[in-house]
Every structure is written in C-alpha cells, then in structure tokens.
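# Working through the structure, step by step
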Number of protein chains: 2
Amino acid sequence: MSMSVHNRWMTTAMSTTPEALTACCTPTGEPAMSEETASSLAAQFKAIADPNRLRMVSIISSSENAEACVCDITEPLNLGQSTVSHHLKILVDAGVLTREKRGVWAYYSLVPGALDSLAGVLTSRP
Amino acid sequence: MSMSVHNRWMTTAMSTTPEALTACCTPTGEPAMSEETASSLAAQFKAIADPNRLRMVSIISSSENAEACVCDITEPLNLGQSTVSHHLKILVDAGVLTREKRGVWAYYSLVPGALDSLAGVLTSRP
DNA sequence: CACTGACATTGACATTCGTCGATGTCCTGG
DNA sequence: CCAGGACATCGACGAATGTCAATGTCAGTG
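Anyway, here's the lowdown on the structure attached to this text. On a predicted model such as this, the values are computed, not experimentally measured, just so you know.

Here the focus is the overall build of chain A. For chain A, the count of helices and strands is five helices and three strands. For chain A, the proportion of its 126 residues judged to be buried stands at 38%. Accessible area of chain A: about 7100 Å², with a carbon and sulfur share of 55%.

Following this line, the structure appears as structure tokens:
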C-alpha cells in the first residue's frame, strides 16, 4: 500500500486547447532535494527564523569585534536571561554562533562562513 | 521600573588582567535590528524553514518553466494533498511563491527576487 | 572560605506548527 | 445537468516552540 494512488490522470485529455491541458505533471526526472539535505537545511534556517534570534545575530555582527557577551544581548531585547541563553544555545547548535568563555563572561561570535553558506543555498538556482 | 536592572558592574574591576576584564558590555550605540524588521524577516525565513517546503521550492525551481502544479509536488513528498496545499499557501503568503490557476490545475512558481532578497540579508554584513 | 554575580540548566506552561481526514468549491466531460 | 477530478478550506490532534521562574554551576572578591 501507499504506492501513489495517483494514476496518471491525463490519459484522456490532450484534445481541446493546444498546450494548456498538456502541461500538468511533467516531472523533470530529478528527484528534487534529498530528504536529508532538506532536513539539515531546514534546521539551520529554523535557527534564524525567529525575530529575537535574528536580532541577536544582528547585535553580535554589529559589535566591536563581531562578538558580544550575554549581557550585551539581553539588554536591548527585553527578554529574560534564561531565554537569551536558550536562544543562543540554539544558534550555537545550528552552527551559526560560537561560544567562548573568558573569565566570568561568555562571548558569542559568528561562525565565519555559516550565514554565507545558507545564503548560497538561496541564490544558487539554475 | 523595568529600567535596566543592570548596573554597570565593572566599576570595581579593571585591575588584574589587561583587557580580558575591561571588554564586557560595550554597546556600539546602534540599537541593533528593529523589532518590526526582525519579525518580518523571521516570518519569511520561517516559511522556508521546513524540510518539505524546502523540497517544494526545489521541485518548482528545477521544473520545466520554473513552475509546477500541485500533483507534481505532492507525488515525491509522501504527503497528503491538503498538507501540500497548506504548505504552498504558507509559501505564497510569505511572498516566496505565486499561484496561477490555469484550467483545472494550479501552477506555482517562484517570485523572482524573493529568495535572493532573503539571501542578501544573510550576506550583507559589515 | 563564604559570597556575589554571570551564565547554564531544568521544569512548567501557553502558543504555534505540521499533518491528516472530511468537506467545500469550481471546472470539465459525458 | 450531473458526475468526477483538482484543489482549497475546515476542524482536530499530537508534537514542537518560545517564554519565564527557580535552581545549579563556576569564577573572582572581600
């Protein structure tokens, strides 16, 4: 079962209009994007698909050495400290940010090619 | 109240290490990304931050005229027809796809600059 | 050596999201 | 005009997400 209940329903068409009825369901052959690739990319996009996380990345990238500590990020966002830590963890787990603990403070910075790699996915279209 | 409970806790530090303790919380002045911009961008990223929706975009962009009907998209995805319609609506509402109904079928195609605009957000970093 | 302050982790909660089945709408063919 | 097929819309439901308060951890300080 589950064997594609679709049954090539254009076996009785292609008669009246010249090309408006002959064009549906013409697969190109390529099986589209693989499921694993899609899941991996979706996970990375999901990491930045949040208003507060986008602002965090913005704050970090526009900071002095492209790095910022949690307090720098917490203050302009009106969020609880634990919430900010949670979002930062998501961005680190997605490979967008890196965490470096210096003394008492934790500094977050952008992973060099991460966002550009994601941008490349959106622009590389044949 | 709610007036920044942080109280510049580096008024008693700056003694031992040369610069490891003098760098925390040095805001650059710019208020980061605005809340409205962040919400708008996050909504667009959220639209493509799903494995199945990414594959839909991939299927459409690699199709004949960069357009595909629902049946073209439903078949390789192993999803119900209503689920596919739902995802396509999300992509249309986000400005990524356009819908054009020709005869009985609905053709979906990419909005020309949409994904490139999103990619530009990720690459334009000073 | 106890204390404070920066940050992470945990548990709880409401909200949103992804998926499906059922139903509705509209076009086409007989 | 009526049947059927393509697609959209409507509930419904489990899973994931965003947020907070409370607690834990660990470095630096008096």
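Now, onward.
Ranked by size, the top nonpolar core spans 60 residues in total, and within it Phe45, Ile48 and Ile73 of chain A together with Phe45, Ile48 and Ile73 of chain B carry the most contacts. Beyond its immediate sequence surroundings of up to four residues, Ile48 of chain A is in contact with Leu54, Leu91, Val96, Leu115 and Leu118 of chain A together with Phe45 and Leu122 of chain B.

Okay, the pattern of salt bridges next. For the coordinates displayed, the defined rule picks out six salt bridges over all chains. Close ionic contact of Lys89 of chain A with Asp93 of chain A constitutes a salt bridge, the shortest N to O distance being 3.4 Å. Residue Lys89 of chain A and its partner Asp93 of chain A are located together in helix α4 (residues 81-93), separated by four residues, close to a single helical turn. In this structure Asp93 of chain A comes out as exposed when scored by relative accessible area, which is 56%. Ionic pairing is found between Glu67 of chain B and Arg102 of chain B, a salt bridge with its closest N-O pair at 2.9 Å. On the criterion of sequence distance, the pair formed by Glu67 of chain B in strand β1 (residues 67-69) and Arg102 of chain B in strand β2 (residues 97-102) is long-range, its members being 35 residues apart. By relative accessible area, Arg102 of chain B is classed as partly exposed at 25%. Salt bridges linked by common partners bring Glu67, Glu100 and Arg102 of chain A together as one network.

This part covers the sheet that holds strand β3 (residues 105-110) of chain B. All names here are of chain B. An order of β1-β3-β2 is seen for the three strands of this open sheet, with the pairing classed as antiparallel. The sheet terminates laterally at β1 and β2, the two strands that pair on one side only. Taken pair by pair, the neighbouring strands of this sheet meet at an average axis angle of 30°, ignoring direction. Contacts between helix α4 (residues 81-93) and the sheet are confined to β2 and β3, with β2 contributing the most and set at about 120° to the helix.

Take the side chain of Ser58 of chain A next. Within the element layout of this structure, Ser58 of chain A appears in helix α2 (residues 51-61). Discounting chain neighbours no more than four positions away, the residues touching Ser58 of chain A are Ala32 and Met33 of chain B.

Attention now moves to the sheet that holds strand β2 (residues 97-102) of chain A. All names here are of chain A. The three strands lie next to each other as β1-β3-β2, forming an open sheet whose pairing is antiparallel. Edge positions in the sheet fall to β1 (67-69) and β2, since each of these pairs with one other strand and no more. Taking the axes of each pair of neighbouring strands and ignoring which way they run, one obtains an average angle of 30° across the sheet. In terms of strand pairing, β2 meets strand β3 (residues 105-110) through six bridges, oriented antiparallel. Residue Thr98 lies in a different strand from β3, and its bridge partner there is Ser109. Where α4 meets the sheet, it contacts β2 and β3, and its direction lies at approximately 120° from that of β2.

All right, on to the packing of α2 of chain A against helix α1 (residues 35-48) of chain B then. Between α2 of chain A and α1 of chain B, the shortest axis-to-axis distance is 8 Å and the interhelical angle comes to 115°. Here α2 of chain A lies roughly perpendicular to α1 of chain B, going by the angle between them. Once α2 of chain A is placed against α1 of chain B, the crossing between them reads as right-handed. Mapping the contact onto sequence places Pro51, Leu54 and Arg55 of chain A in α2 of chain A and Glu35, Ala38, Ser39, Leu41, Ala42 and Phe45 of chain B in α1 of chain B. For the contact of α2 of chain A with α1 of chain B, the per-class residue count stands at six nonpolar, one polar and two charged.

Quick notes on the rules
- Residues numbered from 1 in each chain as written.
- Chains lettered and ligands numbered in written order.
- Predicted model: local features only at pLDDT ≥ 70, side-chain atom pairs only at ≥ 80, totals over all residues.
- Heavy atoms only, no water.
- Helix = DSSP H or I, 4+ residues; strand = E, 2+ residues; numbered from the N terminus.
- Buried < 20%, exposed > 50% of the residue type's maximum accessible area, 1.4 Å probe, protein only.
- Areas by Shrake-Rupley, 256 points an atom, 1.4 Å probe, with all protein chains shown as cover.
- Core = buried A, V, L, I, M, F, W, Y, C linked by side-chain atoms within 4.5 Å.
- Contact = heavy atoms within 4.5 Å.
- Salt bridge = Lys/Arg side-chain N within 4 Å of Asp/Glu carboxyl O.
- Pairing = 2+ DSSP bridges.
- Axes fitted to C-alpha atoms, helices over the stretch in contact; angles between N-to-C directions.
- Parallel < 35°, antiparallel > 145°, perpendicular 65-115°, else oblique.
- Left-handed = near helix turned anticlockwise from the far one by under 90°.
- Nonpolar A, V, L, I, M, F, W, Y, C, P; charged D, E, K, R; others polar.

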